[in-house]
There are 2 protein chains.
Amino acid sequence: MEKELAFFDKIRTVTPYTPGEQPKNQNVIKLNTNENPYPPSPKVQKVLEAFEAGVLRKYPDPLCTELIDALSKEYGVSKDRIFVGVGSDDVLAMSFLTFFNSKKPIVFPDITYSFYDVWADVFRIPYEMIPLKDDFTINTEAFVNTDCGGVVIPNPNAPTGVILETSAIEEIIKAHQDSVVIIDEAYVDFGGRSVLPLIDKYENLLVVQTFSKSRSLAGSRIGFAFGSEKLIKYLSDVKFSFNSYTMDSITQKIGAAALSDKEYFTETTKKIVKTREYFKKEVSKLGFTFPDSMSNFVFIHHDQYNAKDLFAALKENNIFVRYFDKPRINDYLRVTIGTKEDMDKILAFLSEYTK
Amino acid sequence: MEKELAFFDKIRTVTPYTPGEQPKNQNVIKLNTNENPYPPSPKVQKVLEAFEAGVLRKYPDPLCTELIDALSKEYGVSKDRIFVGVGSDDVLAMSFLTFFNSKKPIVFPDITYSFYDVWADVFRIPYEMIPLKDDFTINTEAFVNTDCGGVVIPNPNAPTGVILETSAIEEIIKAHQDSVVIIDEAYVDFGGRSVLPLIDKYENLLVVQTFSKSRSLAGSRIGFAFGSEKLIKYLSDVKFSFNSYTMDSITQKIGAAALSDKEYFTETTKKIVKTREYFKKEVSKLGFTFPDSMSNFVFIHHDQYNAKDLFAALKENNIFVRYFDKPRINDYLRVTIGTKEDMDKILAFLSEYTK
């Protein structure tokens, strides 16, 4: 900007996170933001049809009772151990603000969800990144032995899709009982295993999940967390200090409706897992390699083709995937699992490209 | 809590804001949270009827283009000078975080919106409160002459309803061009005058408004701000560092639809102003006094009756108003302006009570 502001010294300046592109063109095959290819449960449409707009003149229920009740029922966790927010980004940001308030650095993997270091920066939280091993698995030993102010690990990890077994996560939680350990399970419903049962055993564990992927509700912004009663209380206190009414009345109802349709949830997540396994098999045949993914995306690499060029070529052909121009992963592409038809289209393109 | 947590030293503990009660009982006359007694524009219901739930599988437009366009058109402000958030609380919290990042205390009135000191606490922003004059008007001179890191003034002020003339606000903005001055205009549509035109003149002015009151959309959570291109850019950077997708797809459409119905907006706000003037006249006859309100509430006091007792008596009779147990205002009740019928019911009760 041409001229410095008179009050520039009082402004918190940050380098913002860049979200995946949302192309306006509707003819695009959109495999770049890990969205679910299927619509949400038909029960969601019913909520919209039945909703009386007059209700909106009133503030929403600040406690999100209907949604919390539905989560409590579905996951078998008591209500005072559940927190909800405007997407898991909101839940995670509030958790960083609440739990990472010491001078010790927090730790997370070097290759991981790109928002962690952004939140650490905005909240002035010191952090250190623990490198993944060469095969993109988490270095459990390094996470166990670090002296830190908190831990965040996504499981499955993003953008690699790799999972860490529960026993390894438990070792890490156990080693850091003087800090909060956040396990970010945004992609757990596609074949991973949640560490949710461990909240009964460890007061310092927070498990975060979202409706954006497996419940096809990225457009509605619903995230949630499970933890000990005490963790949830401190988190809620900060949240209520920030904004008492964050989740609007319609979204609360939509979330509860989606949760009530277990059959649809099981069916659509199963379909995605099946398509993912199909895509893995087919893309291997073209010479691509990838860490074994248990999420709704696959992180592909080809020894003979430059990822950045391939990314551009795909985009040119209206196929959007995600490319990260970052050390260690700048020769990979993250491909979201869409419908079988979507994957056949990208496979056809890749087959042609690698001929 | 019985036992201290092992990681208590790493937690940000706060005293949370207590929102006004949301009674479950539907037979209550709810005059406690400054909600609009009328439903939102019929165009909002149409949005819900036409909305295809399938859209929700995708992330919302992070730039809220449709809503920003509608605001730009309605208020005649270019798009790069508009910011939107999840209610004005979200807009204000992000603004505190972005603009009040110096060691100098920010200033706001001692009697004002109860969230200001809560945000200052959660973000560790030093603050000083400048007492209102005895008649509950803002002490302009004191605001002009203070050496501070930023200024926040609601206009009309809450819970007093008192307005400050534009010339006085301009003096304050002018005196603090090395800081950001936030004018919180949550209640401006009920007869106040927005300082919006001043953003052309002062780079340090941020004007914040909301859909919760005058547009009957408290349940949807939409707030917005106008400011110089530079202020909006810094604010957006912090917002995108926090959470890229905060406003869900349905809410964006609802907001744009409500804005497009100017006729309905004018009609309903006029009705509320008319009912407020009627209430003022009638409640005076019962011996109540109040600072002159230009908002959708009146802050009443009676020399012969204790406000806390009256609050309890009203509640007992299913009439909810707001009582603040705070110095200087603990003998007042904030009464939201409802429909004429609502106000007649509370007047009947007060008439009986003061007999």
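Residues numbered from 1 in each chain as written. Chains lettered and ligands numbered in written order. Predicted model: local features only at pLDDT ≥ 70, side-chain atom pairs only at ≥ 80, totals over all residues. Heavy atoms only, no water.

K.L.:
Even after reading the chapter, I still don't get the overall build of chain A, so can you show me in this structure?
P.N.:
Helix and strand counts for chain A come out as 11 helices and 12 strands. Over its C-alpha trace chain A gives a radius of gyration of 21 Å, about what one expects of a compact globule, namely 20 Å for 355 residues. Here the C-alpha coordinates of chain A stretch approximately 60 × 55 × 50 Å along the principal axes. Looking at chain A as a whole, 63% of its 355 residues qualify as buried. For chain A, the proportion of contacts with a sequence separation of at least 24, taken over those separated by at least 6, is 73%. When the accessible area of chain A is evaluated, it comes to approximately 13,600 Å², of which 49% is carbon and sulfur surface. If you average the places of the 43 positive and of the 49 negative side-chain charges in chain A, the two averages end up 4 Å apart. (Helix = DSSP H or I, 4+ residues; strand = E, 2+ residues; numbered from the N terminus. Rg over C-alpha atoms; globule rule 2.2 N^0.38 Å. Buried < 20%, exposed > 50% of the residue type's maximum accessible area, 1.4 Å probe, protein only. Contact = heavy atoms within 4.5 Å. Areas by Shrake-Rupley, 256 points an atom, 1.4 Å probe, with all protein chains shown as cover. Lys, Arg positive; Asp, Glu negative; His and termini not counted. Charge placed at Lys NZ, Arg CZ, Asp CG, Glu CD.)

K.L.:
Just to check I follow, could you spell out the interface of chain B and chain A for this structure?
P.N.:
The interface is formed by 95 residues belonging to chain B together with 94 residues belonging to chain A. For the pair chain B and chain A, the two sides together bury roughly 7,800 Å², of which 59% comes from carbon and sulfur. Together, Lys10, Arg57 and Tyr59 of chain B form the three largest contributors to the area buried by chain B at its contact with chain A, with a combined 11%. Counting every contact that joins chain B to chain A gives 2 salt bridges. Of the charged contacts, one joins Lys10 of chain B and Asp178 of chain A as a salt bridge, the two residues approaching to 4.0 Å between their closest N and O atoms. There are 40 residue pairs in polar contact (both at pLDDT 80 or more) connecting chain B and chain A. Elements supplying a minimum of two residues to the side of chain B that touches chain A: α1 (42–50), α3 (87–99), α4 (115–122), α7 (229–242) and α8 (249–260) of chain B. The element contributing the most residues to the side of chain B that touches chain A is α7 of chain B, with 9 residues. (Buried area = accessible area lost by both parts, 1.4 Å probe. Salt bridge = Lys/Arg side-chain N within 4 Å of Asp/Glu carboxyl O. Polar contact = N/O pair within 3.5 Å; in protein donor to acceptor, adjacent residues only side chain to side chain.)

K.L.:
Honestly, the sheet that holds strand β4 (residues 127–130) of chain B in this entry has me stumped. Any pointers?
P.N.:
The pairing of strands in a sheet happens through backbone hydrogen bonds and is either parallel or antiparallel. All names here are of chain B. The 7 strands lie next to each other as β2-β8-β7-β6-β5-β3-β4, forming an open sheet whose pairing is mixed. Sheet topology places β2 (82–85) and β4 at the edges, where each strand pairs with a single neighbour. Between one strand axis and the next, the sheet turns by 20° as a mean value, whatever way the strands run. Sheet topology places strand β5 (residues 150–154) next to strand β6 (residues 181–184); 4 bridges connect them, and they run parallel. (Pairing = 2+ DSSP bridges. Axes fitted to C-alpha atoms, helices over the stretch in contact; angles between N-to-C directions.)

K.L.:
I keep staring at helix α4 (residues 115–122) of chain A and nothing clicks. Help me out?
P.N.:
Structurally, the α-helix is built with 3.6 residues per turn, so residues lying three or four positions apart point the same way. Most of α4 of chain A sits inside the fold, with 6 of its 8 residues counted as buried. By the burial criterion, the buried members of α4 of chain A are Phe115, Tyr116, Val118, Trp119, Ala120 and Val122 of chain A.

K.L.:
What should I look at first to understand the sheet that holds strand β10 (residues 297–302) of chain B in this one?
P.N.:
Residue and element names in this part refer to chain B. Strand order in the open sheet made by the 3 strands is β9-β10-β12, with antiparallel pairing throughout. Pairing within the sheet leaves two strands with one partner each, and these edge strands are β9 (288–289) and β12 (333–336). Strand direction decides the pairing type here: β9 and β10, joined by 2 bridges, are antiparallel. Bridge assignment links Thr289 to a residue of β10, and that residue is His301. The strands touched by helix α9 (residues 262–285) are β9, β10 and β12; relative to β10, the strand with the most contacts, the crossing angle is about 5°.

K.L.:
When you look at the side chain of Ser95 of chain B in this model, what are you seeing that I'm missing?
P.N.:
All names here are of chain B. Positionally, Ser95 belongs in helix α3. By relative accessible area, which is 0% here, Ser95 ends up buried. Leaving out residues up to four positions away in the same chain, Ser95 has contacts with Phe100, Ile182, Leu206 and Leu235.

K.L.:
Would you mind going over unusual backbone geometry with me for this structure?
P.N.:
Generally, phi is negative for residues other than glycine and the peptide bonds are trans, each holding for most cases. Residues and elements named next belong to chain B. Here the bond from Asn155 into Pro156 is cis, since omega is -5°, no more than 30 degrees from zero. Looking at the element boundaries, Pro156 is found in the loop between β5 and α6 (166–175). With an omega dihedral of 0°, the bond running from Ala158 to Pro159 counts as a cis peptide bond. Here Pro159 is to be found in the loop between β5 and α6.

K.L.:
Whenever I open this one, the packing of α3 of chain B against α4 of chain B confuses me. Can you help?
P.N.:
Between two packed helices, both the angle of their axes relative to each other and the distance between the axes serve to describe the pair. Residues and elements named next belong to chain B. Interhelical geometry of α3 versus α4 gives an angle of 45° and a closest axis separation of 10 Å. Overall, the two elements α3 and α4 adopt an arrangement that is oblique. In the crossing of α3 with α4, the sense of the turn from one axis to the other is right-handed. Where α3 abuts α4, its residues Asp89, Leu92, Ala93 and Phe96 lie against Phe115, Tyr116, Trp119 and Ala120. When the residues that make up the contact of α3 with α4 are grouped by side-chain class, the tally is 7 nonpolar, no polar and 1 charged. (Parallel < 35°, antiparallel > 145°, perpendicular 65-115°, else oblique. Left-handed = near helix turned anticlockwise from the far one by under 90°. Nonpolar A, V, L, I, M, F, W, Y, C, P; charged D, E, K, R; others polar.)

K.L.:
What should I look at first to understand the packing of aromatic side chains in this one?
P.N.:
A ring pair, where both rings are aromatic, is described by two values, the distance of the centres and the angle of the planes. Tallying each qualifying case throughout the model produces 49 aromatic pairs over all chains. Between Tyr113 of chain A and Trp119 of chain A the ring centres are 6.2 Å apart and the planes differ by 70°, which places this aromatic pair in the edge-to-face class. By relative accessible area, which is 22% here, Tyr113 of chain A ends up partly exposed. By relative accessible area, which is 0% here, Trp119 of chain A ends up buried. Between Phe224 of chain A and Phe226 of chain A, the aromatic rings sit 5.4 Å apart at their centres with planes inclined by 75°, giving edge-to-face as the arrangement. Accessibility assignment for this pair places Phe224 of chain A and Phe226 of chain A in one class, buried. Members of the aromatic cluster, joined through ring pairs, are Phe96, Phe100, Phe108, Tyr113, Phe115, Tyr116, Trp119 and Tyr127 of chain A. Lying over the aromatic face of Phe240 of chain B, Lys239 of chain B brings its terminal NZ or CZ to 5.5 Å of the ring centre. (Phe/Tyr/Trp six-rings, centres within 6.5 Å; stacked < 30°, edge-to-face > 60°. Lys NZ or Arg CZ within 6 Å of the ring centre and 35° of its normal.)

K.L.:
What am I meant to see in the side chain of Lys10 of chain A here?
P.N.:
Secondary-structure assignment places Lys10 of chain A in the segment before β1 (29–30). The contact partners of Lys10 of chain A, leaving out residues within four places of it in the chain, are Thr98, Phe99, Phe100, Asn101, Ser102, Cys148, Gly149, Asp178 and Ser179 of chain B.

K.L.:
In this structure, what is going on with the pairing of strand β2 (residues 82–85) of chain A? I would like to understand it.
P.N.:
Within a regular strand, the side chains alternate between the two sheet faces. Residues and elements named next belong to chain A. Taking every second residue as pointing to the same face, both faces of β2 are buried, with Ile82 and Val84 on one and Phe83 and Gly85 on the other. One ladder, built from 4 bridges, connects β2 with strand β8 (residues 223–227); its direction is antiparallel. The partner of Val84 across the bridge, within β8, is Phe224.

K.L.:
What exactly am I supposed to notice about the relation of the copies chain B and chain A here?
P.N.:
Two copies of the chain are present, and they differ by a rotation about an axis and a shift along that axis. Mapping chain B onto chain A is achieved by rotating through 180° and translating by 0.0 Å along the same axis, at an RMSD of 0.0 Å. On this basis, the relationship between the two copies can be described by a two-fold rotation axis. In this assembly the copies share their binding face: 99% of the residues contributing to the interface of chain B also contribute to that of chain A. (Least-squares fit on C-alpha atoms with pLDDT ≥ 70 in both.)

K.L.:
Quick question: what am I supposed to make of helix α11 (residues 340–353) of chain A here?
P.N.:
All names here are of chain A. Taking 1.5 Å per residue, 14 residues should reach 20 Å; α11 reaches 20 Å between its end C-alpha atoms and fits that length. Of the positions making up α11, those classed as buried are Asp342, Met343, Ile346, Leu347, Phe349 and Leu350. Seen end-on, α11 carries its buried residues on one side only, within an arc spanning 160°. (Expected span 1.5 Å × (residues − 1). Arc of directions from axis to C-beta.)

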